[in-house]
Structures are given as C-alpha cells and as structure tokens.
Amino acid sequence: MSDLTVLHNPKCSTSRSALETLDASGAQAEVVQYLKEPLDEAALRELIGKLEDEPSDLVRRDSFFKDQGLTDADVATVDQVVAVLVEHPRLMQRPVIVKDDRAIIGRPKERVAPFVQG
C-alpha cells in the first residue's frame, strides 16, 4: 500500500465522495476496490491495528448483515470482525482511508479532508 490508500466501493456515494475530496486536495492515493480484491485475514488485522474507530464499526449493519443472522454480539471482538469480513467482504464499511500507520472509516464524509490533511 502507498502512504494513502482508499478501500473503495464505486457503488457507494460516500466512497465516491471520499475520492472527490482526495482529488480536490491534490492527494494521490492507491484505490483498492475491496470487493474485487477482498482483504485476507492478515490484511484485516493490520487494518484494524491502524483503525482509529472501534473495530466493530468496520462492519456494516445493513439488511445483508441481518439476513446472515448476525447481531452485534457476532462482531464484538477483533477475531469476530475479521472472521465476518473474511467470509462477507461486502459487510466492510466504506470508504476506509489509510494514511501511513493510521486509518479511519470515512463516515461521515466530513471526516475525510481533515484526516488526509492532518
């Protein structure tokens, strides 16, 4: 990964907004479409180690989450988060912005510019 990486889903408006924010700031980022290139267990653990948000926040609680029979109790620990995201990459929150040894979930989208500039 370069110094700045965006884990991106092009179908997500918030994820697209993050790329627009980066472009407007002149920042160069490696864009990883995580649904085409899912993170493996080691990469997820590395990402969680950099994440400024709670590890469980990395998991989307959408209708697919509920359809899988998952609850908050199923993503309460790092090991559980990793297991769920390895099995269901589409449940990863997006976008995720990684800068050097730090990472954030780019929600709300107003978090992106200060993180990239800071």
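Everything numeric here is computed off the predicted structure, so don't read it as measured data. Per chain, residues are indexed from 1 in the order of the written sequence. Local features are withheld for residues below a pLDDT of 70 in this predicted model, meaning they are given only at 70 or higher, and side-chain atom pairs are given and counted only at 80 or more; totals for whole chains, interfaces and linings count all residues. The side-chain values count all of the structure's non-hydrogen atoms but skip hydrogen atoms and water molecules.

### Here we look at the overall build of the protein chain
1) Next: Regarding its fold elements, the protein chain presents five helices and four strands.
2) Next: The order of helices and strands in the protein chain, counted from the N terminus, is β-α-β-α-α-α-β-β-α.
3) Next: The globule rule is 2.2 Å times the number of residues to the power 0.38, and the radius of gyration it is compared with is taken over C-alpha atoms. Rg of the C-alpha trace for the protein chain: 14 Å, near the compact-globule value of 13 Å for 118 residues, within the 12% margin.
4) Next: Across the 118 residues in the protein chain, those meeting the buried criterion constitute 42%.
5) Next: The contacts in the protein chain between residues at least 6 apart in sequence include a share of 65% that link residues at least 24 apart.
6) Next: Using the Shrake-Rupley algorithm and a 1.4 Å probe, accessible areas are obtained, with residue cover drawn only from the displayed protein chains. Within the structure as shown, the protein chain displays about 6400 Å² of accessible surface, and the carbon and sulfur contribution to it stands at 46%.
7) Next: Of the charged side chains in the protein chain, 15 are positive and 21 negative, and the gap between their average positions amounts to 7 Å. Helix numbering and strand numbering both begin at the N terminus, where a helix is a DSSP run of H or I of at least 4 residues and a strand a DSSP run of E of at least 2. Buried means the residue's accessible area, taken with a 1.4 Å probe over protein chains only, is under 20% of the maximum for its type, while exposed means over 50%, and partly exposed covers the values in between. The contact definition used throughout considers only heavy atoms, calling two residues in contact when any of these lie within 4.5 Å. Charge counting treats Lys and Arg as positive and Asp and Glu as negative, with His and both chain ends excluded. Taken as the charge centre is NZ of Lys, CZ of Arg, CG of Asp or CD of Glu, depending on the residue.

### Remarks on the packing of aromatic side chains
1) Next: Two rings from Phe, Tyr or Trp (for Trp, the six-membered ring) form a pair when their centres are within 6.5 Å of each other. A pair whose planes differ by under 30 degrees is stacked, one over 60 is edge-to-face, and the rest are tilted. Counted under the stated rule, the structure contains zero aromatic pairs.
2) Next: Two limits define a charge over a ring: the Lys NZ or Arg CZ must be within 6 Å of the ring centre, and within 35 degrees of the ring normal. The ring of Phe64 carries Arg90 above its face, with NZ or CZ at 3.8 Å from the centroid.

### Observations regarding the pairing of strand S3 (residues 96-99)
When a strand is regular, its side chains alternate between the sheet's two faces.
1) Next: Residues Val96 and Val98 point to one face of S3 and Ile97 and Lys99 to the other, with burial holding for every one of them.
2) Next: We treat two strands as partners when DSSP finds at least two bridges between them. Alignment of strand S1 (residues 4-8) against S3, held across four bridges, turns out to be antiparallel. Bridge pairing in S3 links Val6 to Ile97.
3) Next: Of the strand pairs in this sheet, S3 and strand S4 (residues 102-105) are connected by four bridges, and their pairing is antiparallel. Of the residues in S4, the one forming a bridge with Val98 is Ala103.
4) Next: Counting the residues that bridge the hairpin from S3 to S4 gives two residues, and of these Asp100 lies at a positive phi of roughly 55°.

### So, the side chain of Asn9
1) Next: The residue Asn9 is located in the loop between S1 and helix H1 (13-25) in this model.
2) Next: Relative accessible area serves as the criterion here: at 8%, Asn9 is assigned to the buried category.
3) Next: Ignoring anything within four residues of it in the chain, the contact list for Asn9 reads Ser15, Tyr34, Leu35 and Arg94.

### Quick look at the nonpolar core
1) Next: Residues Leu7, Leu47, Leu58, Val59, Leu85, Leu91 and Met92 are the most contacted members of the largest nonpolar core, which totals 24 residues.
2) Next: When residues of this core are traced back to their parent elements, those giving at least two are helix H2 (41-50), helix H3 (63-67), helix H4 (78-87), S3 and S4.
3) Next: A total of four residues in this core trace back to one element, the largest contributor, which is H4.
4) Next: Those residues in contact with Val59, other than ones at most four positions away along the chain, are Phe65, Val75, Val81, Val84, Leu85 and Leu91.
5) Next: Counting residues in hydrophobic clusters, the runner-up holds nine residues, among them Leu4, Ile97, Val112 and Val116. Each nonpolar core is a collection of buried residues, namely Ala, Val, Leu, Ile, Met, Phe, Trp, Tyr and Cys, held together in the definition by side-chain atoms within 4.5 Å.

### Observations concerning the pattern of salt bridges
Opposite charge on two side chains allows them to pair when their charged atoms are near.
1) Next: Any carboxyl oxygen of Asp or Glu within 4 Å of a side-chain nitrogen of Lys or Arg constitutes a salt bridge here. All chains considered together, the criterion is met by seven salt bridges.
2) Next: The residue Arg102 makes a salt bridge to Glu52 at a minimum N-O spacing of 2.5 Å. Separated by 50 residues along the polypeptide, Arg102 in strand S4 and Glu52 in the loop between H2 and H3 bring together distant segments of the chain.
3) Next: Take Arg102: its relative accessible area is 31%, and that puts it in the partly exposed class.
4) Next: By relative accessible area, which is 44% here, Glu52 ends up partly exposed.
5) Next: A salt bridge links Arg111 to Asp53, with the nearest nitrogen and oxygen atoms 2.7 Å apart.

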